[in-house]
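Here is how the chains run, residue by residue.
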Amino acid sequence: MKKVFFLLMAIIATSTLFAQTDKTKVDTTQKAAYVCPMHPDITGTKTDKCSKCGMDLKLPKSYVCPMHADITATKKSKCSKCGMDLVEVKTKKG
């Protein structure tokens, strides 16, 4: 009976160990809407122009902490949790 119990516990422990997934990986490439550099509230596609000033829309820059994906910013700064420099998020064009 002890052997069966230990075998069952080993199977449960092994299946639990291999069933876990790494949820800390974050896809830092994201599809972004184009925005006006002067009016960030104006968004559109690459070929659109700002309805307020007529400028071409550009891809916005965003930054994220390499260690804490929940820490983001729109300008280069430091992570509030670990103090590391935020790195620019690469965006997919389209």
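Up top is the structure.
Residues numbered from 1 in each chain as written. Predicted model: local features only at pLDDT ≥ 70, side-chain atom pairs only at ≥ 80, totals over all residues. Heavy atoms only, no water.

Participant: Sorry if this is basic, but what is going on with the overall build of the protein here?
Facilitator: Counting its secondary structure elements, the protein contains one helix and seven strands. Buried positions account for 17% of the 94 residues belonging to the protein. In the protein, the share of contacts with a sequence separation of at least 24, taken over all contacts with a separation of at least 6, comes to 30%. (Helix = DSSP H or I, 4+ residues; strand = E, 2+ residues; numbered from the N terminus. Buried < 20%, exposed > 50% of the residue type's maximum accessible area, 1.4 Å probe, protein only. Contact = heavy atoms within 4.5 Å.)

Participant: In this structure, what is going on with a nonpolar patch on the surface? I would like to understand it.
Facilitator: Taken together, the side chains of Phe5, Phe6, Leu8, Met9 and Ile12 present a nonpolar region at the surface, about 520 Å² in accessible area. Tracing the sequence through the fold places isoleucine 12 in helix H1 (residues 2-19). (Patch = residues over 30% accessible without salt bridge, like charges linked within 9 Å, V, L, I, M, F, W, Y side chains within 5 Å. Areas by Shrake-Rupley, 256 points an atom, 1.4 Å probe, with all protein chains shown as cover. Salt bridge = Lys/Arg side-chain N within 4 Å of Asp/Glu carboxyl O.)

Participant: Could you clarify how one ought to interpret the sheet that holds strand E5 (residues 72-73) in this entry?
Facilitator: In spatial order, the strands read E5-E4-E6; together these three strands make up an open sheet with antiparallel pairing. A single partner strand is all that each edge strand has here, and the edge strands are E5 and strand E6 (87-88). (Pairing = 2+ DSSP bridges.)

Participant: So what exactly am I meant to see when it comes to the nonpolar core here?
Facilitator: Inside soluble globular proteins, nonpolar side chains tend to come together where they are buried. Among the nonpolar cores identified, the biggest contains six residues, and these are Tyr63, Cys65, Ile71, Ala73, Cys79 and Leu86. With residues up to four places along the chain from it excluded, the contact list for alanine 73 reads Ser62, Tyr63 and Leu86. Tyr34, Ile42, Cys50 and Leu57 belong to the second largest nonpolar core, which has five residues in total. (Core = buried A, V, L, I, M, F, W, Y, C linked by side-chain atoms within 4.5 Å.)

Participant: Please clarify how the pattern of salt bridges should be interpreted in this entry.
Facilitator: Oppositely charged side chains may form a pair once their charged atoms are brought near each other. Per the stated rule, a full pass over the model turns up four salt bridges. The salt bridge partner of lysine 52 is aspartate 41, with a shortest N-O separation of 3.2 Å. Residue lysine 52 is found in the loop between strand E3 (43-44) and strand E4 (63-64), and its partner aspartate 41 is found in the loop between strand E2 (34-35) and E3; the two are separated by 11 residues along the sequence. Using a relative accessible area of 54% as the deciding quantity, one classes lysine 52 as exposed.

Participant: Can you walk me through the environment of tyrosine 63 in this structure?
Facilitator: Within the secondary structure layout, tyrosine 63 lies in strand E4. Distance from tyrosine 63 to aspartate 85, taken between C-alpha atoms, is 9.2 Å for residues 22 residues apart in sequence. Discounting chain neighbours no more than four positions away, the residues touching tyrosine 63 are Ile71, Thr72, Ala73, Thr74, Lys75, Lys76, Leu86, Val87, Glu88 and Val89.

Participant: Sorry if this is basic, but what is going on with the environment of lysine 58 here?
Facilitator: Following the sequence through the fold, lysine 58 ends up in the loop between E3 and E4. The spacing of lysine 58 and proline 40 is 18 residues in sequence and 9.9 Å in space, taken between C-alpha atoms. Excluding residues within four positions of it along the chain, lysine 58 makes contact with Tyr34, Val35 and Pro37.

Participant: So what exactly am I meant to see when it comes to the state of the cysteines here?
Facilitator: What we call a disulfide is simply a covalent bond connecting the sulfur atoms of a pair of cysteines. Inspection of every chain in the model, using the stated rule, returns zero disulfides. Here cysteine 50 is not cross-linked by a disulfide; its sulfur's nearest cysteine counterpart is in cysteine 36, at 3.5 Å. Free of any disulfide, cysteine 65 has its nearest neighbouring cysteine sulfur in cysteine 79, separated by 3.5 Å. (Disulfide = S-S within 2.5 Å.)

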